[in-house]
Amino acid sequence: MLQSTTLTAPIYARQLRMLLQQGAVDGDRVLAAAQLDWATLLTDDSRLPQDTVTRLVMAAMAATGKPWLGLDLAASLPVTAHGPLGIAAVTARDIGSLLAVLARYGSLRNEAFSWEWRVTPQGAVLGATEQADWGDARGFVLDLMAGAVLHLIGAATGQLPAGLRVDMPMARPPWAAQYGRYQPVEFRFGQPALALHVAPDARALPCLGADRHAHAMACGECDDALAEQAGRSIAQRVAALLAAAPAGRYPQLVEVAAAVSLTPRTLMRRLRADGVTFQQLLDTARQSRTLWLLQHTHCSVEDIAAQLGYADTSNFSRTVRRWFGATPLVLRQRDGRDG
């Protein structure tokens, strides 16, 4: 089943590359394995689709030999890496308010999880629901999410207090000692979902940087971003789904309709109202990915054709010529690359 768009802010890929470089690992080689390059990543603020992030994560873990790399990345992230969400979190009144902010605005930074903040007589819970299947990269993503939340708490309060427990929906790994960096937080493995449980005393712990004015401003920015996200036209939502689709596996109309909670007939009617067809959006997504792969990677034309779902390279070349008025080789040479 096609998931909702799972796009990730590029700052996390940039920070991962810096972390690799600091550890004497060739970060640029790892980026290349995900069909990324540093110059483009540094200047392009476009969000990264799930398949790109997955390739990057798997290449980074292979290069470092660290299955706990998600914890290391979480520890390296400054508050500002999370944008207005990070500022809103650390300027909140207390831990409870901080976690309520993460629940409300968490999807602005990464759409792979939806969040819920529940207050109970026994304390409170920040629960996460996974919105995408990350395959072999799932452990990294879970570690990054849990670690990022705990590091924001530590940054906001100056400590990780007793009374915090993290449920991890995965088996206890052989390297579980790595979670000891978060003492006195308790980790429980084999749980049904990712969740942070907070005791009443911990929930009331004040944030050192509490600032009502700064908090309101940051929340206002987040609210504006949420409104923009919710107000995207159906054409924009479909375009985002197609851009996030795994390479070589573009979804069918019926899959996209299910992902946006519409029937195929209604989706086609809504798209016509936006002045576009599904086929036009699909062609645009293929064109954008084709041009990017040709001008920003060293993949062969044959490999790129395969990634775009073309079994016949000649057919792919003819299609590219029809789209851009030039062959794949000419397009690549225009960017200074040589086949």
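Reading the values: rules and limits
- Residues numbered from 1 in each chain as written.
- Predicted model: local features only at pLDDT ≥ 70, side-chain atom pairs only at ≥ 80, totals over all residues.
- Heavy atoms only, no water.
- Patch = residues over 30% accessible without salt bridge, like charges linked within 9 Å, V, L, I, M, F, W, Y side chains within 5 Å.
- Areas by Shrake-Rupley, 256 points an atom, 1.4 Å probe, with all protein chains shown as cover.
- Salt bridge = Lys/Arg side-chain N within 4 Å of Asp/Glu carboxyl O.
- Lys, Arg positive; Asp, Glu negative; His and termini not counted.
- Charge placed at Lys NZ, Arg CZ, Asp CG, Glu CD.
- Helix = DSSP H or I, 4+ residues; strand = E, 2+ residues; numbered from the N terminus.
- Buried < 20%, exposed > 50% of the residue type's maximum accessible area, 1.4 Å probe, protein only.
- Axes fitted to C-alpha atoms, helices over the stretch in contact; angles between N-to-C directions.
- Parallel < 35°, antiparallel > 145°, perpendicular 65-115°, else oblique.
- Left-handed = near helix turned anticlockwise from the far one by under 90°.
- Contact = heavy atoms within 4.5 Å.
- Polar contact = N/O pair within 3.5 Å; in protein donor to acceptor, adjacent residues only side chain to side chain.
- 1 Å grid on protein atoms, 1.4 Å probe; cavity = no way out; pocket = protein on both sides within 12 Å on 5 of 7 lines; lining within 4 Å.
- Points joined across faces, edges and corners; volume = space filled by probe spheres on them.
- Nonpolar A, V, L, I, M, F, W, Y, C, P; charged D, E, K, R; others polar.

Caption draft 1: Structural view of a positive patch on the surface. Taken together, the side chains of Arg 237, Arg 265, Arg 269, Arg 270 and Arg 272 present a region of like positive charge at the surface. With four residues, helix H13 (residues 264-273) is the single largest residue contributor to the positive patch. Looking at where Arg 265 falls in the secondary structure, it is placed in helix H13. Among the residues examined, Arg 265 registers a relative accessible area of 67% and is labelled exposed.

Caption draft 2: Expanded view of the packing of helix H11 (residues 234-244) against helix H14 (residues 278-296). With their axes 9 Å apart at the nearest point, H11 and H14 run at an angle of 40° to one another. One finds that H11 runs oblique with respect to H14. The hand of the H11/H14 crossing is right-handed. Together, Ala 235, Val 238, Ala 239, Leu 242 and Ala 243 of H11 and Phe 278, Leu 281, Leu 282, Ala 285 and Arg 289 of H14 make up the contact between the two elements.

Caption draft 3: Here's a closer look at the side chain of Arg 332. Mapped onto the fold, Arg 332 is located in helix H17 (residues 328-334). According to the relative accessible area criterion, Arg 332 is buried, its value standing at 2%. One polar contact links the side chain of Arg 332 to the main-chain carbonyl oxygen of Leu 294, over a distance of 3.0 Å.

Caption draft 4: Quick look at the layout of surface pockets. Roughly 1,000 Å³ of internal volume is contained in the largest pocket. Only helix H3 (38-43), helix H4 (50-64), helix H6 (83-90), helix H10 (212-230), H11 and H14 provide two or more residues apiece to the lining of the largest pocket. At seven residues, the largest contribution of residues to the lining of the largest pocket is made by H14. Residues belonging to the lining of the largest pocket are distributed by class as follows: 21 nonpolar, eight polar and ten charged.

Caption draft 5: Region of the structure containing H11. Of all the positions in H11, only Ile 234, Ala 235, Val 238, Ala 240, Leu 241, Leu 242 and Ala 244 are classed as buried. Along its buried surface, H11 packs onto H4, helix H12 (253-259), H13 and H14.

Caption draft 6: Spatial organisation of empty space enclosed by the protein. Applying the stated rule across the entire model yields two cavities of 30 Å³ or more. Put simply, the largest cavity is a space of about 390 Å³. Those elements that provide at least two residues to the lining of the largest cavity are helix H1 (11-22), H4 and helix H8 (138-157). Of the residues forming the lining of the largest cavity, the biggest block, seven residues, is contributed by H8. Considered class by class, the residues forming the lining of the largest cavity number 21 nonpolar, four polar and one charged. Volume-wise, the second largest cavity comes out at about 70 Å³. Every residue along the wall of the second largest cavity is listed here: Trp 115, Leu 126, Ala 146, Val 149, Leu 150, Val 166, Leu 194, Ala 195 and Leu 196. Elements with a minimum of two residues in the lining of the second largest cavity: H8 and strand S5 (195-198).

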